[in-house]
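Given next are the chains, with one letter for each unit.
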Amino acid sequence: MTVTLAIVTSTPQVAVALANEDGLMATFALRAGRRHGETLAPAIRSITGLAGIELRDVERIAVDTGPGLFTGLRVGVSTAKALGSALDRPIVGVSSLDILAHPLRLLGRPVASVVDARRGEVFWALYEPVADAMVAVREPTVAAPDELAGLGPDVLLTGDGARRYADMWSSPVAPPEFDHPSASVLAGLSFDRPAWSPEKVTPTYLRGADVRIGWEQR
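Worth saying up front: this structure is predicted, and the values here are computed from it rather than measured. (Residues numbered from 1 in each chain as written. Predicted model: local features only at pLDDT ≥ 70, side-chain atom pairs only at ≥ 80, totals over all residues. Heavy atoms only, no water.)

A look at the overall build of the protein
Our working definition: Runs of H or I in DSSP of at least four residues are treated as helices and runs of E of at least two as strands, each being numbered from the N terminus. Our radius of gyration looks at C-alpha atoms and nothing else; its globule reference is 2.2 Å times the residue count to the power 0.38. Burial classification: accessible surface area is computed with a 1.4 Å probe over protein chains only, and a residue below 20% of its type maximum counts as buried, one above 50% as exposed, and the rest as partly exposed. When checking whether two residues touch, look at their non-hydrogen atoms; a contact exists if any pair is within 4.5 Å. Computed with a 1.4 Å probe, the accessible areas rest on the Shrake-Rupley method; for each residue, only the protein chains presented here act as cover. In this tally, Lys and Arg are treated as positive and Asp and Glu as negative; His is ignored, and so are the chain termini. Where a charge lies is defined by one atom per residue type, namely NZ (Lys), CZ (Arg), CG (Asp) and CD (Glu).
The secondary structure content of the protein amounts to 6 helices and 9 strands. Taking 17 Å as the expected radius of gyration for a compact globule of 218 residues, we find that the protein reaches 17 Å, a close match to that expectation. If one aligns the C-alpha atoms of the protein with their principal axes, the spans along those axes are about 50 × 50 × 30 Å. By the burial criterion, 48% of the 218 residues in the protein qualify as buried. A separation threshold of at least 6 residues defines the contact pool for the protein, and within that pool the share at least 24 residues apart is 62%. As displayed, the protein has an accessible area near 10,200 Å², and 51% of this comes from carbon and sulfur atoms. Positive and negative side-chain charges of the protein, numbering 21 and 25 respectively, have mean locations separated by a distance of 7 Å.

Listed below in structure tokens is the structure:
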């Protein structure tokens, strides 16, 4: 059985999961705020220990490549790449917006995945259900929240950005349990996605780091 370690850090929630072809083995999630670096490594140690496996038993690593919080993505992708290099394992990168949309695929309606980008902006993409998958019909972009106001009531919004700006839109928002990308969903998606060598996996930022933006504005 191929054991996959899934890592999600694009929002304030840090999540880790272990899965194989038979399904989910274990999962962990913690709303860590900006403490991704302090939380991720202990979470990986905890979940592998509780599942009774060693890191060397992991045969593939899946990571949320964003868009999302700059620091969180840097921590998650860097950790995945370091583990992949140390263990000589391939890495599967999946968009945070894909991960958010996937659990809602059976509702038969368009879904907009919306991640809070801070600084009064959101990262988002629009998906349509096709068979048992969600297909992007608008590629990921960064926008002001009011740019999504015209999506209308047929589109379901999901993600922490959707929750934060819910009062601005006529579109309904998915329940709070869908606000953050799920490591177990990432693990499941990774079995149908291509795997790459660690050096080929990069985060999707869509925008410069907040500290750089602040410095340029000054």
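Let's talk about helix α1 (residues 36-51)
We count it as follows: Working rule for helices: expected span equals 1.5 Å times residues minus one. Summarising the geometry, the arc corresponds to the directions from the helix axis toward the C-beta atoms.
The end-to-end C-alpha separation of α1 is 22 Å, in line with the 22 Å expected for 16 residues at 1.5 Å each. Among all positions in α1, only H36, T39, L40, A43, I44, I47 and T48 are buried. Looking straight down α1, one finds that the buried residues subtend no more than 145° of arc, so they occupy a single side. Of the exposed residues in α1, those oriented more than 90 degrees away from the buried face are E38, R45 and G49. Those residues of α1 that are buried lie in contact with β1 (4-8), β2 (13-20), β3 (23-31) and α2 (70-87). Once α1 finishes, G52 follows within two positions and takes phi at roughly 75°, a positive value.

A word on the packing of aromatic side chains
A ring pair, where both rings are aromatic, is described by two values, the distance of the centres and the angle of the planes. Spelled out, the test is: For Phe, Tyr and Trp, rings pair up if their centres lie within 6.5 Å, where Trp contributes its six-membered ring, and each pair is then called stacked (planes under 30 degrees apart), edge-to-face (over 60) or tilted (otherwise).
The final tally for this structure, using the stated rule, is 2 aromatic pairs. Ring centres of Y165 and W169 lie 6.4 Å apart, and the angle between their planes is 55°; this geometry places the pair in the tilted category. Accessibility expressed as a relative area gives 12% for Y165, which makes it buried.

Comments concerning the environment of Y165
One can find Y165 in the loop between α4 (160-164) and α5 (183-190). C-alpha separation for the pair Y165 and N20, spaced 145 residues apart in sequence, amounts to 37 Å.

As for the sheet that holds β1
The line we're drawing: Pairs of strands are assigned from DSSP output, requiring at least two bridges between the strands. For every element, the axis is a line fit to its C-alpha atoms; helices are fit only across the contacting stretch, and the angle between N-to-C directions ranges from 0 to 180 degrees.
Taken in spatial order, the 5 strands make up an open sheet running β3-β2-β1-β4-β5, and their pairing is mixed. Two strands close off the open sheet at either side, each with one partner strand: β3 and β5 (91-94). Neighbour to neighbour, the strand axes of the sheet diverge by 15° on average, direction disregarded. Strand direction decides the pairing type here: β1 and β2, joined by 5 bridges, are antiparallel. Opposite T4, over in β2, you have A19 as the bridge partner. Of the strands in this sheet, β1, β4 (60-64) and β5 touch α2, which is tilted by about 170° from β4. Running over the sheet, α5 touches β1, β2, β3, β4 and β5 and is turned about 130° from β1.

Some details on a negative patch on the surface
What counts is decided by this rule: For patch detection, residues must exceed 30% relative accessible area and be free of salt bridges, and they are connected within 9 Å for like charges or within 5 Å for nonpolar side chains (Val, Leu, Ile, Met, Phe, Trp, Tyr). A pairing counts as a salt bridge when a side-chain nitrogen of Lys or Arg comes within 4 Å of a carboxyl oxygen of Asp or Glu.
A cluster of like negative charges, contributed by E21, D22, E54, D57 and E59, occupies part of the molecular surface. Summarising the element assignment, D22 is placed in the loop between β2 and β3. We classify D22 as exposed; its relative accessible area is 63%.

Examining the pattern of salt bridges
For side chains bearing opposite charge, pairing can occur when the charged atoms are close. Evaluated as defined, the whole model comprises 7 salt bridges. The partner of R164 in a salt bridge is D116, with the nearest N and O atoms 2.9 Å apart. Of this pair, R164 sits in helix α4 while D116 sits in strand β6 (residues 111-118); the two residues are 48 residues apart in sequence, bridging distant segments of the chain. Among the ionic pairs, R163 bridges to D179, the shortest N-O distance being 3.1 Å.

Considerations on the confidence of the model for the protein
As a note on interpretation, predicted positions should not be read in detail where pLDDT is low. Selection rule: What pLDDT conveys is the predictor's confidence in a given residue, as a value from 0 to 100.
Looking at the protein as a whole, its pLDDT mean stands at 93, while 95% of the residues score no less than 70. Low confidence marks residues 211-218, where pLDDT is under 50. Its contacts with residues over four positions away, or in another chain, come to 4 contacts.

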